[in-house]
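Below are the chains, spelled out letter by letter.
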Amino acid sequence: MASNPEDDDEIARILQTEIDGHEEDRFESPQDTLRHFIICWQNEFQNPRTEALNIVIDQIEGMEENIQNVSDRRSLKVSMHELEVQRINFVVKDYVRLRLKKIEEHTAAYLSEDSMRKRNNRPPLLSKQERDFAERYAQLSAKLMANCVLSRLPEKLQTYPVARKAWEKESVFVQVLKNDTYSIPITDPADPLSEILIDLPKDSIHLLPFVSIVDQLEDGRVMLL
């Protein structure tokens with residue numbers, strides 16, 4: 001079945017979306033959007049902590065709404081674009097579920113670091129919705145612990161335990177994505193008081209301390225494996 005050229009132009013126009021964050025001022029197709037989110041999704045799986053990222057949920061909803069307005073809904077191209085949007089939706093939703101799971105596991109640590117970032121005028125670790133969720137989850141967890149456990153203990157033992165993660169001790173595998181070759185300093189395993197430089201050419205893979213590649217990860221220069 002031949003498609004209408006006017007519909008093809010309309011589909012191409014409505015399926016363009018702007019990515020916030022590292023991809024701002026750049027318009028991408030659904031395929032590019034999916035590739036972008038797969039990298040973010042993979043990073044989130046391997047990342048020992050949650051990183052802030054603006055998710056294009058509003059743009060995806062707009063894409064879905066605009067597809068509904070295409071005149072020839074029987075076009076194969078429309079069906080393919082609908083399938084692509086569904087794939088992006090799957091990645092985004094799983095990404096959000098993973099972030100919430102990690103927030104549940106280390107609520108106090110994430111709230112503390114998010115507050116510290118705001119005080120230092122750095123990008124927030126959590127979105128407003130994630131912070132609201134974390135604060136509510138922390139309140140409910142503390143209330144449950146107090147009612148079920150702490151209230152039955154002597155007063156001196158009624159302390160709510162808070163798990164802490166030592167981010168500086170985590171190591172991750174990374175793959176370099178950018179063409180520009182550069183070096184990063186890491187602690188010398190043989191001498192903790194000194195540092196060594198590690199070259200990061202494109203496509204190279206390294207096992208590095210997470211704290212040493214945080215900036216590169218936020219800039220999109222490396223990807224976690």
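The structure we're discussing is the one just above.
Being a predicted model, the structure only gives us computed values, none of them experimental.

Asker: How would you summarise the pattern of salt bridges if you had to cite specific residues and measurements?
Answerer: Under the criterion given, the structure shown has nine salt bridges. The salt bridge involving Arg97 is made with Asp94; its shortest N-O contact spans 3.4 Å. Within this pair, Arg97 and its partner Asp94 are both found in helix H4 (residues 76–105), separated by three residues, close to a single helical turn. Note that Arg99 is salt-bridged to Glu130, the shortest N-O span being 2.4 Å. Of this pair, Arg99 sits in helix H4 while Glu130 sits in helix H6 (residues 128–148); the two residues are 31 residues apart in sequence, bridging distant segments of the chain. In this structure, Arg99 and Glu130 share a single accessibility class: buried. A cluster of three or more residues bridged by salt bridges with shared partners is formed by Glu44, Arg99, Lys102 and Glu130.

Asker: Please provide a residue-by-residue account of the pairing of strand E5 (residues 191–199), values included.
Answerer: Taken together, the six bridges between strand E4 (residues 183–188) and E5 define a ladder with antiparallel strand orientation. For Asp188, the partnering residue across the bridge sits in E5 and is Asp191. Counted along the chain from E4 to the antiparallel partner E5, the turn is two residues long.

Asker: Tell me what's going on with the packing of H4 against H6, and back it up with residues and numbers.
Answerer: Each pair of packed helices can be described by the angle between their axes along with the distance between the axes. Running from N to C, H4 and H6 point in directions that differ by 35 degrees, and their axes come no closer than 10 Å. Where H4 crosses over H6, the two elements pack in a sense that is right-handed. In this structure, H4 contributes Arg99, Leu100, Ile103 and Glu104 to the contact, and H6 contributes Glu130, Phe133, Ala134 and Tyr137. Split into classes, the residues belonging to the contact of H4 with H6 amount to five nonpolar, no polar and three charged.

Asker: With reference to specific residues and values, describe helix H5 (residues 107–119).
Answerer: The first and last C-alpha atoms of H5 sit 19 Å apart over 13 residues, in line with the 18 Å expected at 1.5 Å per residue. The secondary structure elements touched by the buried residues of H5 are H4, H6 and helix H7 (214–218). One or two steps after H5, the chain reaches Asn121, where phi turns positive at roughly 60 degrees.

Asker: Which residues make up the packing of aromatic side chains, and what values do they have?
Answerer: In this description, an aromatic ring pair is defined by two values, namely the gap between the centres and the angle between the planes. Going through the model one piece at a time under the given rule, you end up with two aromatic pairs. For the pair Phe133 and Tyr137, a centre-to-centre distance of 6.0 Å together with 25 degrees between the ring planes defines the contact as stacked. Here Phe133 and its partner Tyr137 are both found in helix H6, four residues apart, which amounts to about one turn of the helix. Overall, Tyr137 belongs to the partly exposed group, its relative accessible area being 29%.

The rules behind each value
Residues numbered from 1 in each chain as written. Predicted model: local features only at pLDDT ≥ 70, side-chain atom pairs only at ≥ 80, totals over all residues. Heavy atoms only, no water. Salt bridge = Lys/Arg side-chain N within 4 Å of Asp/Glu carboxyl O. Helix = DSSP H or I, 4+ residues; strand = E, 2+ residues; numbered from the N terminus. Buried < 20%, exposed > 50% of the residue type's maximum accessible area, 1.4 Å probe, protein only. Pairing = 2+ DSSP bridges. Axes fitted to C-alpha atoms, helices over the stretch in contact; angles between N-to-C directions. Left-handed = near helix turned anticlockwise from the far one by under 90°. Contact = heavy atoms within 4.5 Å. Nonpolar A, V, L, I, M, F, W, Y, C, P; charged D, E, K, R; others polar. Expected span 1.5 Å × (residues − 1). Phe/Tyr/Trp six-rings, centres within 6.5 Å; stacked < 30°, edge-to-face > 60°.

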